[in-house]
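# Secondary and tertiary structure notes
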Amino acid sequence: MASETPIQATVVLESKPSSLVEPCRQILSALEEKGFTQDDVFAVHLALEEAFLNAVKHGNKMDRSKKVTLEYAIDDEKVEIKMADEGQGFNPQDIPDPRAGDNLYRPEGRGLLLIRAYMHLARYGSNGTSLRMVRYKNKPVPDRSEVGLA
Amino acid sequence: MAAIQPRISVEYSKDATVVSFTDEKILEETDMRSVRTAIEAVIEQASSIRLVLDFRHVKFLSSAVLGLLIRISKRIYEQGGQLRLCNIHPGIYEVFKITRLTSVFDICEDVDSAVESLSDGR
């Protein structure tokens, strides 16, 4: 039986892709412990990967002196993840839709779309350096194929 | 230290080259460079390769892999080759659908149908 005690932690990570391996393993393991479905685990894994790579590559520009702060809380109903980088920030509305026109053939620019498609809530802070994401247990995200970017 | 694994396996069927990803998860941090290098080495072996990418073992990938596939696809078609993807796990197919890459890649059910479609020149 799943424990009622929330699982939560805050970790400060170096700006390199491999920094996510261990916290990601802990979060996915906690989701399973809390009885989240395999679809939930896939969705959170994907959103985590995309958000962290955005923070490291586009936020901190791979600058090892800058950190990414990852905060998560998992209870019996939902997982909430906050991620903050030390970059210049961005406006999500400036990101072109990767499904439109020639963007479809560009190798990059799909991370934000996937985060929005797989999480019930994905909201950037006003300065564009922090992201808050929520996914509820065993609740499919509606209209995934029509998800917007803004 | 992380184990060094072969990231792909290569087989030949009729006049097609079938590359299978051997990992269950393809992640940016550990796998992308080695996968890219391995596939590029295969592509370089023929000027107009007929390549099938078999995803039967893959249960998870990120958008970085989608970017890699687009780069590979461009390179193959520039060289007069053809590309098919096959055996894509339903969860991953959903990622292709959301990003509308189902309209960019020729996706087949399995290796046989992928090889057959290449032979037909469809």
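Residues numbered from 1 in each chain as written. Chains lettered and ligands numbered in written order. Predicted model: local features only at pLDDT ≥ 70, side-chain atom pairs only at ≥ 80, totals over all residues.

### Quick notes on the interface of chain B and chain A
Which entries qualify depends on this criterion: Here, residue contact means that the backbone-derived C-beta atoms of the two residues sit within 7 Å. Helix and strand assignments follow DSSP, with helices taken as H or I runs no shorter than four residues and strands as E runs no shorter than two, numbered in order from the N terminus.
Taken together, the contact between chain B and chain A spans 19 residues of the former and 23 residues of the latter. Elements represented by at least two residues in the side of chain B that touches chain A include exactly α2 (63–78) and α3 (90–98) of chain B. Here the element with the most residues in the side of chain B that touches chain A is α2 of chain B; it accounts for six residues.

### Regarding the environment of Ser65 of chain A
Along the chain, Ser65 of chain A turns up in the loop between α2 (38–59) and β2 (67–74). A sequence separation of 50 residues divides Ser65 of chain A from Ser15 of chain A, and the C-alpha atoms of the two residues are 7.6 Å apart.

### A look at the pairing of strand β2 (residues 16–21) of chain B
All names here are of chain B. Applicable threshold: Labels follow a simple rule on C-beta atoms placed from the backbone: if 20 or more others lie within 10 Å of a residue's own, it is buried; if 12 or fewer, it is exposed; otherwise it is partly exposed. A pair of strands is treated as paired once DSSP finds two or more bridges between them.
Within β2, five of the six residues are buried, leaving the element largely enclosed by the surrounding structure. One ladder, built from six bridges, connects strand β1 (residues 8–13) with β2; its direction is antiparallel. Bridge pairing in β2 links Val10 to Val19. The hairpin formed by β1 and β2 contains two residues between the paired strands, and Lys14 there has a positive phi angle of roughly 50 degrees.

### Considering the packing of helix α1 (residues 32–43) of chain B against α2 of chain B
Residue and element names in this part refer to chain B. Going by this rule: A fitted line through C-alpha atoms represents every axis, and for helices the fit uses only the stretch in contact; the resulting angles, taken between N-to-C directions, go from 0 to 180 degrees. An angle counts as roughly parallel when it lies under 35 degrees, as roughly antiparallel when it exceeds 145, as roughly perpendicular when it falls between 65 and 115, and as oblique in every other case. Crossing handedness is defined as follows: a turn of the near helix away from the far one that is anticlockwise and smaller than a right angle gives a left-handed crossing, while the clockwise case is right-handed. Only Asp, Glu, Lys and Arg are considered charged in this grouping, and only Ala, Val, Leu, Ile, Met, Phe, Trp, Tyr, Cys and Pro are considered nonpolar; every other residue, Gly among them, is considered polar.
Where α1 meets α2, the closest approach of the two axes is 11 Å, and the angle between their N-to-C directions is 15 degrees. In terms of their interaxial angle, α1 and α2 are classed as roughly parallel. For the crossing formed where α1 meets α2, the hand is right-handed. On the side of α1, the interface is formed by Met32, Val35, Arg36, Ile39 and Ile43, while α2 contributes Ala64, Leu68, Ile72, Arg75 and Ile76. In terms of residue class, the contact of α1 with α2 is made up of eight nonpolar, no polar and two charged.

### Some details on α2 of chain A
Residue and element names in this part refer to chain A. Heads up, the rule is: Multiplying one less than the number of residues by 1.5 Å gives the expected span of a helix.
With 22 residues, α2 extends 30 Å between its outermost C-alpha atoms, agreeing within 8% with the 32 Å of an ideal straight helix rising 1.5 Å per residue. For α2, the tally of buried residues reaches 16 of 22 residues, placing the bulk of the element in the interior. At the C-terminal side of α2, Lys61 shows a positive phi close to 50 degrees.

### Remarks on the sheet that holds β2 of chain A
Residues and elements named next belong to chain A. One open sheet holds the five strands; their spatial order is β1-β2-β3-β5-β4, and the pairing between them is antiparallel. This sheet does not close on itself; its edge strands, each paired only once, are β1 (7–14) and β4 (121–124). Neighbour to neighbour, the strand axes of the sheet diverge by 10 degrees on average, direction disregarded. In this sheet, strand β5 (residues 130–136) lies alongside β4 in antiparallel orientation, the contact comprising four bridges. Within β5, the position partnered with Arg123 by the bridge is Arg132. Against the sheet, helix α1 (residues 21–33) engages β1, β2 and β3 (78–84), with an angle of about 10 degrees to β2.

### Examining the pairing of strand β4 (residues 50–54) of chain B
Residues and elements named next belong to chain B. Of all five residues in β4, five are buried; the element is thus mostly enclosed. The side-chain alternation of β4 yields two buried faces, one formed by Arg50, Val52 and Asp54 and the other by Leu51 and Leu53. Across four bridges, β2 lies against β4 in parallel orientation. Each residue of the ladder has a partner; that of Thr17, found in β4, is Leu51.

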